[in-house]
Protein chains: 2
Amino acid sequence: MSFYHTPKALSAFDAKFEAQKIAFGPISFQVAHCLLKFEVLATIDQAGEQGLSIAQLAQTNVLNEYALGVLLDMGLSMGLVWLNGDAYVLDKTGYFLLHDDMAAINLNFVQDVCYQGLFQLDKALVAGKPSGLAVFGDWQTIYPALKDLPAEAKASWFAFDHYYSDHAFPQILPLVFAHSPKHLVDIGGNTGKWALSCCEFNPEVEVTLMDFPGQLAVAKDNATKHGFAERIHTFATDLLDESRPFVEGADTYWMSQFLDCFSQEQILSILQRTAQAMTPNSQLFIVETFWDRQPSAASAYCVNATSLYFTAMANGNSRMYHSKDLIKLLHQAGLYVDEDTDNLGLGHTLLRCKRKP
Amino acid sequence: MSFYHTPKALSAFDAKFEAQKIAFGPISFQVAHCLLKFEVLATIDQAGEQGLSIAQLAQTNVLNEYALGVLLDMGLSMGLVWLNGDAYVLDKTGYFLLHDDMAAINLNFVQDVCYQGLFQLDKALVAGKPSGLAVFGDWQTIYPALKDLPAEAKASWFAFDHYYSDHAFPQILPLVFAHSPKHLVDIGGNTGKWALSCCEFNPEVEVTLMDFPGQLAVAKDNATKHGFAERIHTFATDLLDESRPFVEGADTYWMSQFLDCFSQEQILSILQRTAQAMTPNSQLFIVETFWDRQPSAASAYCVNATSLYFTAMANGNSRMYHSKDLIKLLHQAGLYVDEDTDNLGLGHTLLRCKRKP
């Protein structure tokens, strides 16, 4: 990590401007959301270098000249568009908002899942609870609520969740199967995306998913649809309930984008129980996006921002961790890191862990 | 205006990062709000270059290590703080968020007045109504609602409104009184801030405020308190009601931060009725913050962002205008610009207008 260890090289004038950008951040966000939603950026993009005037845009848009004007003039200030005479032309930042699927997925996730609840961030921080989740109903954490979220929020949540794993899994599969797993226990396996990938990648591996019964019903259904019903098994449990048993003695355990959903105390408990279930020859793979292991300050920004979703909306006490904090918990649980691979997918790290002798 | 007429000189990488900053804008905003509210930045500022670790900060803060950690790690990504070993030190952008009263006033205005209602921006744009105002009750515009807003929203609204006029009035007074006004009609005079300034600046001038009866009651009270009851008069009306008369034949008319509260159609109507009330020797002064007359892209950003407050929260159809649009309306109303002075206060323009012969 080469960033954050010195003050930013920024003039006082630029720093004042940055402070104003933060202060008006919700406005620039909603402007971007509307310019995308009403397809203003897309229409301007199609017009190329020549651009389109407000009057031209108003001819085919549901928005009138006033509405297009306030959006696009703020778009000028945000670097989304520039003015060629009186015609608005797409600028680089607007291009990436329109064409970079990661930006779109993040923006929709913030709009549909986080925006309203974030207003309660101050309360969530004090209470250690996801106070913003009240926007969607009376839940203790977002996980059992997922199936009941409004359609847009649900779609944006899963799009966000899957986008990152979809980019990581193809690179990670060969690294895992280089260690010839026969029986992989997927802890917090959710709806079985990784289990299916494993069964497709290797003709013999068996997978057991540990998760809430609700998730497993969906996973079992997915397994059957893909013809893997005989190799994908389920083990219903509540992973935070310390009285419930773990699947014991498998050669491989697996946790992907899972530990970031828990507080440090809960992670320690889960790791301790995993270590107990492991044999001296078992391996535990952990996939995480650690903020300190990101390839750039830009990706660290996204990872750090995501932590606040956990605070305000998900469970109030988890986050995207610094790798140092997680490795400390691994050691406390009686495990050590045997292999440590960064820069997989979109800033993922794969840790292969073993029980300390 | 030297900005917006060419594409931004930005690498693709930086533009992608800008797009992500916009996508996570509501998160960075709430992080800044909480770092200020819980006095984390202020405490770090006091520690100077040496900074403070999370553990040190947690000793005296209402927030625990987890809460401080998610806020401050995002603060690193936002350039608010940097890491000196494991101690967080205030960085330049954090310094201006903490010490620049304009940033604080804008941030509080966005948080307390705009944040929740901005979620309805898409609806407001389509309907031409301030759909976000429903957050505060069933109002058609924010103006009659001001006295009934929740205490925090009310305080932040008036702080925002007065901040900009407080910076402009001292520079503008001598320019206006160079033309020796004897009777100044303050159209949309609100609670009488400008009227009091005039009476203090010049011992003879008489001022008549035109506004809603509610506002004028407060203004009359203020005038009496300052000993100007005999020189400050009131004329209760609804300025949008075309059947109601104007104060006629005064030598000077005055509209400060007023026309931006109306749509172009409404502005034209107000200007036409003002022109009718004027004599050939009358002058009309208009004070506005035009986005195209701003001294920098940074101040234009703030002005353009403010337009969306009018869209979502205030009345749904007004904005901070381009000077060209307002001057066109002046001409249509039978007026011309006789003197045109930019860069007063914080990006204000003073127009002195006369009736066309």
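Provided above is the structure to which this section pertains.
What counts as what
Residues numbered from 1 in each chain as written. Chains lettered and ligands numbered in written order. Predicted model: local features only at pLDDT ≥ 70, side-chain atom pairs only at ≥ 80, totals over all residues. Heavy atoms only, no water. Helix = DSSP H or I, 4+ residues; strand = E, 2+ residues; numbered from the N terminus. Buried < 20%, exposed > 50% of the residue type's maximum accessible area, 1.4 Å probe, protein only. Contact = heavy atoms within 4.5 Å. Areas by Shrake-Rupley, 256 points an atom, 1.4 Å probe, with all protein chains shown as cover. Buried area = accessible area lost by both parts, 1.4 Å probe. Salt bridge = Lys/Arg side-chain N within 4 Å of Asp/Glu carboxyl O. Polar contact = N/O pair within 3.5 Å; in protein donor to acceptor, adjacent residues only side chain to side chain. Nonpolar A, V, L, I, M, F, W, Y, C, P; charged D, E, K, R; others polar. Pairing = 2+ DSSP bridges. Axes fitted to C-alpha atoms, helices over the stretch in contact; angles between N-to-C directions. Least-squares fit on C-alpha atoms with pLDDT ≥ 70 in both. Phe/Tyr/Trp six-rings, centres within 6.5 Å; stacked < 30°, edge-to-face > 60°. Expected span 1.5 Å × (residues − 1). Bend = angle between axes of the 7 residues up to and from the residue.

Chemist: Any chance you could explain the overall build of chain A here in plain terms?
Modeler: Tallying secondary structure elements over chain A gives 14 helices and nine strands in all. Across its three principal directions, the C-alpha atoms of chain A cover 70 × 50 × 40 Å. Per-residue burial for chain A yields a buried fraction of 59% across its 357 residues. Here the contacts in chain A between residues at least 6 apart in sequence split such that 67% fall between residues at least 24 apart. Taken as a whole, chain A presents about 13,900 Å² of accessible surface, with 52% of it coming from carbon and sulfur.

Chemist: Help me out: how do you make sense of the interface of chain A and chain B in this one?
Modeler: Interface size is commonly expressed as the accessible surface area that is lost when the partners come together. Taken residue by residue, the interface counts 85 residues in chain A and 85 residues in chain B. Between chain A and chain B, a total of about 8,000 Å² is buried, with carbon and sulfur atoms accounting for 71% of that surface. Counting the contacts that link chain A with chain B gives four salt bridges. In this structure, D73 of chain B and R319 of chain A form a salt bridge, with 2.7 Å as the shortest nitrogen-oxygen distance. Across the contact surface, chain A and chain B share 25 residue pairs in polar contact (both at pLDDT 80 or more). For the side of chain A that touches chain B, the element with the most residues is helix α13 (residues 297-314) of chain A, which contributes 12 residues. Within the side of chain A that touches chain B, the residues separate by chemical class into 50 nonpolar, 24 polar and 11 charged.

Chemist: Explanation requested: the sheet that holds strand β7 (residues 283-288) of chain B in the structure shown.
Modeler: Residues and elements named next belong to chain B. Taken in spatial order, the seven strands line up as β5-β4-β3-β6-β7-β9-β8 in an open sheet, and their pairing is mixed. Across the chains shown, the open sheet's two edge strands, defined by having one partner strand only, are β5 (232-236) and β8 (335-344). Strand-to-strand, the axes of this sheet are offset by a mean angle of 20°, without reference to chain direction. The pairing of strand β4 (residues 206-211) with β5 spans five bridges and is parallel. By the bridge assignment for β5, D211 is matched with A236. Contacting β4 and β5, helix α11 (residues 213-225) crosses the sheet at an angle of about 170° to β5.

Chemist: Help me understand the relation of the copies chain A and chain B in this model?
Modeler: Put simply, the two copies of the chain differ by a rotation about an axis and a shift along that axis. Superposition record for chain A on chain B: RMSD 0.1 Å, screw rotation 180°, translation along axis 0.0 Å. When the rotation and shift are considered jointly, the pair of chain copies conforms to a two-fold rotation axis. Same-surface contact between copies: 100% of interface residues of chain A are shared with the interface of chain B.

Chemist: Can you help me understand the packing of aromatic side chains in this one?
Modeler: In this description, an aromatic ring pair is defined by two values, namely the gap between the centres and the angle between the planes. The final tally for this structure, using the stated rule, is 35 aromatic pairs over all chains. For the pair F119 of chain A and Y115 of chain B, a centre-to-centre distance of 5.6 Å together with 20° between the ring planes defines the contact as stacked. With F119 of chain A in the loop between α7 (101-118) and α8 (121-127) and Y115 of chain B in helix α7 (residues 101-118), this residue pair bridges two chains. A single burial state applies to F119 of chain A and to Y115 of chain B, both of which are buried. Centre to centre, the rings of F109 of chain B and Y309 of chain B are 5.0 Å apart; their planes meet at 65°, and the pair counts as edge-to-face. Note that F109 of chain B is positioned in helix α7 and Y309 of chain B in helix α13 (residues 297-314), a separation of 200 residues in sequence.

Chemist: Explain the pattern of salt bridges here, please?
Modeler: Once the charged atoms of two side chains with opposite charge are near each other, the side chains can pair. One pass over the full model with this rule turns up 24 salt bridges over all chains. Ionic pairing is found between D148 of chain A and K147 of chain A, a salt bridge with its closest N-O pair at 3.4 Å. The partly exposed category is assigned to D148 of chain A, whose relative accessible area is 44%. Close ionic contact of D166 of chain B with K193 of chain B constitutes a salt bridge, the shortest N to O distance being 2.9 Å. Of the two residues, D166 of chain B is situated in helix α9 (residues 151-177) and K193 of chain B in helix α10 (residues 193-201); the sequence distance between them amounts to 27 residues. Residue classification places D166 of chain B among the partly exposed positions, given a relative accessible area of 39%. Overall, K193 of chain B belongs to the partly exposed group, its relative accessible area being 33%. The network of salt bridges with common partners includes D292, R293, D340 and D342 of chain A.

Chemist: What am I meant to see in the sheet that holds strand β8 (residues 335-344) of chain A here?
Modeler: By way of backbone hydrogen bonds, the strands of a sheet pair with one another, either parallel or antiparallel. All names here are of chain A. Taking strand neighbours across the sheet as the criterion, the seven strands line up as β5-β4-β3-β6-β7-β9-β8 in an open arrangement whose pairing is mixed. The open sheet terminates on both sides in strands that have one partner only, identified here as β5 (232-236) and β8. Across the sheet, the axes of successive neighbouring strands diverge by a mean angle of 20°, strand direction being ignored. Alignment of strand β7 (residues 283-288) against strand β9 (residues 348-355), held across five bridges, turns out to be antiparallel. Paired with F285 across the strands is R352, a residue of β9.

Chemist: Could you clarify how one ought to interpret unusual backbone geometry in this entry?
Modeler: If a residue is not glycine, its phi is most likely negative; likewise, a peptide bond is most likely trans. One non-glycine residue, E39 of chain A, adopts positive backbone phi at about 55°. You can see E39 of chain A is positioned in the loop between α2 (25-37) and α3 (40-46). Of note in this structure, S180 of chain B is not a glycine but carries a positive phi near 50°. Topologically, S180 of chain B is positioned in the loop between α9 and β3 (183-187). Of the residues examined, S180 of chain B reaches a relative accessible area of 42% and is grouped as partly exposed.

Chemist: Could you clarify how one ought to interpret α9 of chain B in this entry?
Modeler: A rise of 1.5 Å per residue sets the reference length of α9 of chain B, with its 27 residues, at 39 Å; its end C-alpha atoms lie 37 Å apart and thus fit the reference within 8%. The sharpest bend along α9 of chain B reaches about 40° and sits at F169 of chain B, with the proline P170 of chain B one to four residues further on.

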